[in-house]
Amino acid sequence: MKPAALQAGLARLAAQRLQRRRRTATPLPAEGPVVVVEGRRLVNFCGNDYLGLAGHPALAQALSQCAALRGTGSGASHLVTGHGPEHERLEEELAQFTGRRRALLFSTGYMANLAAITCLASRGSRVVLDRLCHASLIDAARLSGARLKRFAHADAAAASAALHHAAPGADLLVTDGVFSMDGDLAPLLELAQAARSADACLIVDDAHGLGVIGRTGRGCLEHFGLDGTAVPILVGTLGKAFGCFGAFVAADEVYIEWLLQTARSYIYTTALPPPVAAAARAALAIAAAEGWRRERVLALAARLRRGAADAGITLLPSVSPIQPLLLGDSGRALALSEALFAAGFWVAAIRPPTVPKGSARLRITLSAAHTEAQVDALIETLAGVLSHAAA
Ligand SMILES: *Cc1c(COP(=O)(O)O)cnc(C)c1O
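Conventions adopted
- Residues numbered from 1 in each chain as written.
- Predicted model: local features only at pLDDT ≥ 70, side-chain atom pairs only at ≥ 80, totals over all residues.
- Heavy atoms only, no water.
- Helix = DSSP H or I, 4+ residues; strand = E, 2+ residues; numbered from the N terminus.
- Rg over C-alpha atoms; globule rule 2.2 N^0.38 Å.
- Buried < 20%, exposed > 50% of the residue type's maximum accessible area, 1.4 Å probe, protein only.
- Contact = heavy atoms within 4.5 Å.
- Areas by Shrake-Rupley, 256 points an atom, 1.4 Å probe, with all protein chains shown as cover.
- Pairing = 2+ DSSP bridges.
- Near = heavy atom within 4 Å.
- Polar contact = N/O pair within 3.5 Å; in protein donor to acceptor, adjacent residues only side chain to side chain.
- Nonpolar A, V, L, I, M, F, W, Y, C, P; charged D, E, K, R; others polar.
- Expected span 1.5 Å × (residues − 1).
- Arc of directions from axis to C-beta.
- Phe/Tyr/Trp six-rings, centres within 6.5 Å; stacked < 30°, edge-to-face > 60°.
- Lys NZ or Arg CZ within 6 Å of the ring centre and 35° of its normal.
- Salt bridge = Lys/Arg side-chain N within 4 Å of Asp/Glu carboxyl O.

Another point: the overall build of the protein. Looking only at helices and strands, the protein features 15 helices and 14 strands. What you see for the protein is a C-alpha radius of gyration of 21 Å, in line with the 21 Å of a compact globule of 391 residues. Within the protein, buried positions represent 54% of all 391 residues. Sequence-distant contacts in the protein: of pairs separated by 6 or more residues, those separated by 24 or more amount to 70%. Just so you have it, the protein exposes about 17,200 Å², and 55% of that area is on carbon and sulfur atoms.

This is the structure we're talking about:
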């Protein structure tokens, strides 16, 4: 496309209130989930730092100690010279955390999903995904060259119908564990049943469930009591509840070895900086040892729901730290987000194409680092701006 076409495209986005803009945010972790944006102090209610670990001093210390000892960059891909002891240990600890034989580190969740789907699908297979799956899963399915089929959100019967009768053993059934923009949990028991009866491989991307959901924070699979037989491939990220950066696939030996040998998003890219792996190890240890963080963020989510209900505000049904307020219209979502911003709260408006057309929303998220008072103040302010907008 030429510049004139690009200009026209940008003007179209602006007219539809779909233009994005970045805001430079300076975190002040010593004060909790607080950021300074355009000179204003805001309480951040739209990040993914669910356990409040991103600003934890132990992570910063692990990172800086490792950097002083080993340097900053890994200098090469894992299969050349970039794979170091911090990566190796982190993989072992992730395997242990998830109860799998092995884990394989990736630089991002996006790349982990590319690997999992492109390496396990073949031309003859179908990749069957929930309609609200994360964009990286959809891109991976497209790139795989397999036939892509999307089913109605959380509809296991539709998933089952989409799967049946391809080559036995070839199909992939793919879902988020916790849906990133909705906060609800996939019906994993039913999906596992559908996968089993169609002899398909179930892949769960639990980017938002790991660390938070399940009796001990092992994610959606723990919540539903599903093991590696029911869900052979588990994808997780280190950039959300674990407050770092990076991602992994956890699975049995043969799957991991196959990904290691064949995944282009693993082979042709520089390994994660060792200090980031060191920080992730510290995060994992804290997440495992301090169950109160998980209990706290879920209690704050429940508090938000109660307070919102009392104020006559209906949030989407969700038991996770993701508590969206569905608005529909992008302009309205943007206006409410701006009003909250003016009042000292950062809640980004999520608009298409991140969510389906006509389903713009405020995606409110909680962190263990929030205080009850901050949550209460958000509810009060939200009720105020909503009644003002309605008047
Ligand atoms: C954030 C996210 C990813 C991507 O992970 P990154 O490490 O940020 O690249 C993948 N899947 C889901 C469901 C996500 O929410």
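Moving on: the sheet that holds strand β2 (residues 34-37). Ordered by their spatial adjacency, four strands build an open sheet running β1-β2-β3-β12, and the pairing between neighbours is mixed. One side of each edge strand has no neighbouring strand; the edge strands of this open sheet are β1 (25-27) and β12 (345-346). The sheet contact formed by β1 and β2 spans three bridges and is antiparallel. Counterpart to Ala25 in the pairing with β2 is Val37.

Surveying the vicinity of the ligand reveals 13 residues, the closest of which are Gly109, Tyr110, Asp205, His208 and Lys240. The contact in question runs from an oxygen atom of the ligand to an N or O atom on the backbone of Gly109, over 2.7 Å. Between the ligand and the protein, one listed contact pairs an oxygen atom with a side-chain N or O atom of Lys240 at 2.8 Å. Within the complex, the protein chains bury 82% of what would otherwise be the 380 Å² of accessible surface of the ligand. The dominant element in the shell around the ligand, judged by the number of residues it contributes, is helix α5 (residues 109-120), at three residues. In terms of residue class, the shell around the ligand is built from two nonpolar, eight polar and three charged.

What follows covers α5. Here α5 spans 16 Å end to end across 12 residues, near enough to the 16 Å set by a 1.5 Å rise per residue. Burial within α5 is extensive, with 10 of its 12 residues counted as buried. Among all positions of α5, only Gly109, Met111, Ala112, Asn113, Leu114, Ala115, Ala116, Ile117, Cys119 and Leu120 are buried.

Turning to the pairing of strand β10 (residues 247-251), a few remarks are in order. Looking along a regular strand, one sees side chains alternate from face to face of the sheet. Counting buried positions over the five residues of β10 gives five, a clear majority of the element. Residues of β10 alternate between two faces, with Ala247, Val249 and Ala251 on one and Phe248 and Ala250 on the opposite face, all of them buried. In terms of strand pairing, strand β4 (residues 102-106) meets β10 through five bridges, oriented antiparallel. Looking across to β10, one finds that Arg102 is bridged to Ala251.

On to helix α10 (residues 253-262). One turn of the α-helix equals 3.6 residues, which is why residues spaced by three or four share an orientation. Regarding α10, the residues found buried are Ile256, Leu259 and Leu260. Taken end-on, α10 shows its buried residues confined to a sector of 100°, consistent with a single buried face. Buried residues belonging to α10 abut α3 (78-82), β4, α5, β10 and α11 (264-267).

On to the side chain of Arg23, then. Along the chain, Arg23 turns up in the loop between α1 (3-15) and β1. There is a polar contact of 3.3 Å between the side chain of Arg23 and the side chain of Glu38. Beyond its immediate chain neighbours, meaning those up to four positions away, Arg23 contacts Val37, Glu38, Glu338, Phe341 and Trp346.

For the structure shown, the criterion picks out three aromatic pairs. Ring geometry for Phe106 and Tyr266: centres 5.4 Å apart, planes at 65°, overall edge-to-face. In this pair, Phe106 sits in strand β4 while Tyr266 sits in helix α11, placing the two residues 160 residues apart along the sequence. Judged by relative accessible area, Tyr266 falls into the buried class, the value being 3%. Here the basic side chain of Arg23 rests over the ring of Phe341, its NZ or CZ set 3.9 Å away from the ring centre.

Let's shift gears to the sheet that holds strand β13 (residues 349-350). Strands pair in a sheet through their backbones, by hydrogen bonds, and they do so in one of two ways: parallel or antiparallel. The strand order across the open sheet formed by three strands is β11-β14-β13, and the pairing between neighbours is antiparallel. Bordering the open sheet on either side are β11 (322-328) and β13, each of which pairs with just one other strand. In this sheet, strand β14 (residues 360-365) lies alongside β11 in antiparallel orientation, the contact comprising six bridges. Across the sheet, the residue bridging to Gly328 is Ala360, located in β14.

For the coordinates displayed, the defined rule picks out 14 salt bridges. In this structure, Arg23 and Glu338 form a salt bridge, with 3.4 Å as the shortest nitrogen-oxygen distance. On the criterion of sequence distance, the pair formed by Arg23 in the loop between α1 and β1 and Glu338 in helix α14 (residues 330-342) is long-range, its members being 315 residues apart. Overall, the relative accessible area of 18% leaves Arg23 in the buried class. Where Glu257 meets Arg102, a salt bridge forms, and the shortest distance between an N and an O atom there is 2.9 Å. In this pair, Glu257 sits in helix α10 while Arg102 sits in strand β4, placing the two residues 155 residues apart along the sequence. Within this structure, Arg21, Arg23, Glu38 and Glu338 form a network of salt bridges that share partners.

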